[in-house]
Amino acid sequence: NDRFFRMQTTSRSVRAFNCVGVRVSSYLGTLSTHGFFLRGVVQIMNAPNQYFASTDPVHRIYTLGGGIVQSGISADFNFTTAPAEVVLLNGNASNPFYRSGVQFVLVGSYPGAKDSWDSLGWSHASLAVPVPEGSSWSTDGFVGVNDHDFPVLNIPQNTNLRPMDMMGFYLGIYASSSAALVSYILPSHISPTLATPNHAYSPLYNFYDPDTYLSVACLVYSGDTYLLNEARKLVELSGTGILSSGQIPHHYENDTPIYVAISGATQTGPNLFWSAAAMLYAHTSGNTTWLKEMLPTVEKAMDFVINLYDPNMKLIKAPGPLWIDVFKRANYTTDTNAFCVHVLTELAAVEALFGNQNKQQQYLQLASSISEGINAHLWRGDHYITQLNPDGTYKDFVDYDSNLLVTAFNIAPANRTTALLKRVDGGKCTHARATYVSEIFYDAANCYLNNTGDSAVTMGRIGWVDALTRKNINDLTMFNEVLYTPILKDLITYTWLYERYTCQGTMTHNNYYIEYPEYIVIVQREVLYGIQVRLDSVTVDPIENRPFRYITGDIDITYSPTEVRFVFPPVGFPRRLHVGQLLPSSPYKIISHDGIVVHTDEQGHVEVDSLWLDGEGGVHMMA
């Protein structure tokens, strides 16, 4: 039943000879080739140039693709003793021999260009490498095999998730999110698509409106230390591009920071989502030292947005949209103000962590004031409007994204949430897939560059705040049957998904786009399992009380309504613990902490203000 085997090779020359090289090779039928090197990540499929040679220390190589529709055996190589040179292989449909693979070079060296995809091949090498009699070579490593499209060497043996959930988790991370990293060639860069063989949007990378935020979340939720490091670099690069005004780059054109969207809009999203990404990385990794060093940059980035605050209206006056760059939204917009409340609240918690009480109170007060402003000025009947203008006029497309941002972060009162969701859920296209943009079509006059490409589609980012909203109101049916499972099934079936869906539920725009696969990983963690690991607190509050064991990296959570066990990354100080979906109004004994007895409330929640969660044994709680 093992998912992998150990592969050791030993070769010896029985006589002296000259050769092109000595290689151990694997030729495979899967479509996509992936290499994790010390220098960074490389990925490609349908390569016209089929060789990628590298002498950089290699961490992992795997191949996969393409789903149930076109099945193959995925292979995963991890090294105990790595060869000095490896050659990644990838072919296109005209290659009858293989579509992907790897060569471990024991003697000699690839004759063509290194560190880029090359077409020369070994046939152009000369017999110039002398091999003495009795020479020997060894390799040692592990090979994982899988009839689904994700590598298996990192899957914990004791994890206990539903098979579909586990498949979605690893597909989202290794077939899409990590595969979009281009950090071998462009350090600290990520594309919104895979190389097939080219990246859509190339040479543009690291969009924080919010694509790269979603990527950082997906990479840190993987628990893979290599990908955690890649996530940190994604945050750091855009942080180095901050202007004296505090503006964060919208994206990069190769190595050049760009501060406006492709549409020409100046968005608030890059500053808000970059700040959120920095804090999320620190919380999930437990890296307090890094966060303390990064905090002045986060504060500066948030000041760029705070400087747009109008104290008379208690609202941010935005220069453009938050996260849909082609939509003409400006002035007192619901989208920017709603997400700003969330990020300010997160920043206040970080300031408290470092004892900065004055800043903590400043950010909390501002978040509270903006919440008041949203509810005082932007509500119309049964929903929040798109924008209010300084002259009192307003624009209203009944934006599903903006309204769900308000409900996701608990800004709307309960009665308004009920009315709003009735309006949103009544839309013809709202849940063609998670989730449609607006009730009213954004025509050319209301789009930058007259680009209506995002006016009649769904987006994973909107699905995310939709899913958080359903978590807040405990709507398991809507989350599971409408928002989560249909996209999960698409991902398992096709391995890679398109950028958007139409009103008819048909995939559209760019293929091999990573937003929807990342959406699955994120809502699985934050909603399905309800896991939030922070420097100041830990929450395990699944949307349903089905038992599970969730293991990623340093996190090991075993949950049932009557017994829970948690192991978390150490931080060196006590944290608040919140657990939900337990037995209502019941006593629980924290066995790991001298048998402390705590009591759940009527909804089955329990919270302990200050508990030492570090340590190998973690926390053990029983009814």
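Since this is a predicted model, take the numbers as computed values, not measurements. (Residues numbered from 1 in each chain as written. Predicted model: local features only at pLDDT ≥ 70, side-chain atom pairs only at ≥ 80, totals over all residues. Heavy atoms only, no water.)

S.K.: How should helix 12 (residues 515-528) be read in this particular structure?
M.R.: The end-to-end C-alpha distance of helix 12, which contains 14 residues, comes to 18 Å, matching closely the 20 Å that a straight helix rising 1.5 Å per residue would cover. Most of helix 12 is tucked away, with 14 of its 14 residues classed as buried. Where helix 12 terminates, the next one or two residues include G530, which has phi positive at roughly 60 degrees. (Helix = DSSP H or I, 4+ residues; strand = E, 2+ residues; numbered from the N terminus. Expected span 1.5 Å × (residues − 1). Buried < 20%, exposed > 50% of the residue type's maximum accessible area, 1.4 Å probe, protein only.)

S.K.: What exactly am I supposed to notice about the nonpolar core here?
M.R.: One recurring pattern in soluble globular proteins: nonpolar side chains tend to sit buried together. Membership of the largest hydrophobic core comes to 163 residues, with the highest contact counts inside it found for F339, I374 and W464. Residues contacting F339, with those up to four places away along its chain left out, are L272, F273, A276, L322, L405, F409 and W464. Membership of the second largest hydrophobic core comes to 26 residues, among which are A75, F79, V86 and V143. (Core = buried A, V, L, I, M, F, W, Y, C linked by side-chain atoms within 4.5 Å. Contact = heavy atoms within 4.5 Å.)

S.K.: Would you take a moment to explain the packing of helix 2 (residues 211-221) against helix 3 (residues 225-240) for this structure?
M.R.: To describe two helices that pack against each other, one gives the angle between their axes and the distance between the axes. Look at helix 2 against helix 3: their axes get within 8 Å of each other, and the N-to-C directions meet at 155 degrees. The angle between the axes of helix 2 and helix 3 places the two elements in the roughly antiparallel class. Every pair of crossing elements has a handedness; the one defined by helix 2 and helix 3 is left-handed. Note on element contacts: helix 3 touches helix 2 through L227, L228, A231, L234 and V235, opposite T212, V216, L219 and V220. Looking at the contact of helix 2 with helix 3 residue by residue, the class counts come to eight nonpolar, one polar and no charged. (Axes fitted to C-alpha atoms, helices over the stretch in contact; angles between N-to-C directions. Parallel < 35°, antiparallel > 145°, perpendicular 65-115°, else oblique. Left-handed = near helix turned anticlockwise from the far one by under 90°. Nonpolar A, V, L, I, M, F, W, Y, C, P; charged D, E, K, R; others polar.)

S.K.: How should the side chain of S26 be read in this particular structure?
M.R.: Note on placement: S26 falls in strand 3 (residues 21-28). The buried category is assigned to S26, whose relative accessible area is 18%. Beyond its immediate chain neighbours, meaning those up to four positions away, S26 contacts F77, L89, S100, G101 and V102.

S.K.: Help me understand the pairing of strand 35 (residues 619-622), please; the structure alone is not making it clear to me.
M.R.: Within a regular strand, side chains alternate between the sheet's two faces. With four bridges joining them, strand 30 (residues 563-567) and strand 35 adopt antiparallel strand pairing. Considered in strand 35, the bridge of F566 is made with V619. Summarising the sheet, strand 32 (residues 587-590) and strand 35 pair through two bridges and their orientation is antiparallel. Residue K589 lies in a different strand from strand 35, and its bridge partner there is M622. (Pairing = 2+ DSSP bridges.)

Interpretation in functional terms is not warranted from these geometric data alone.
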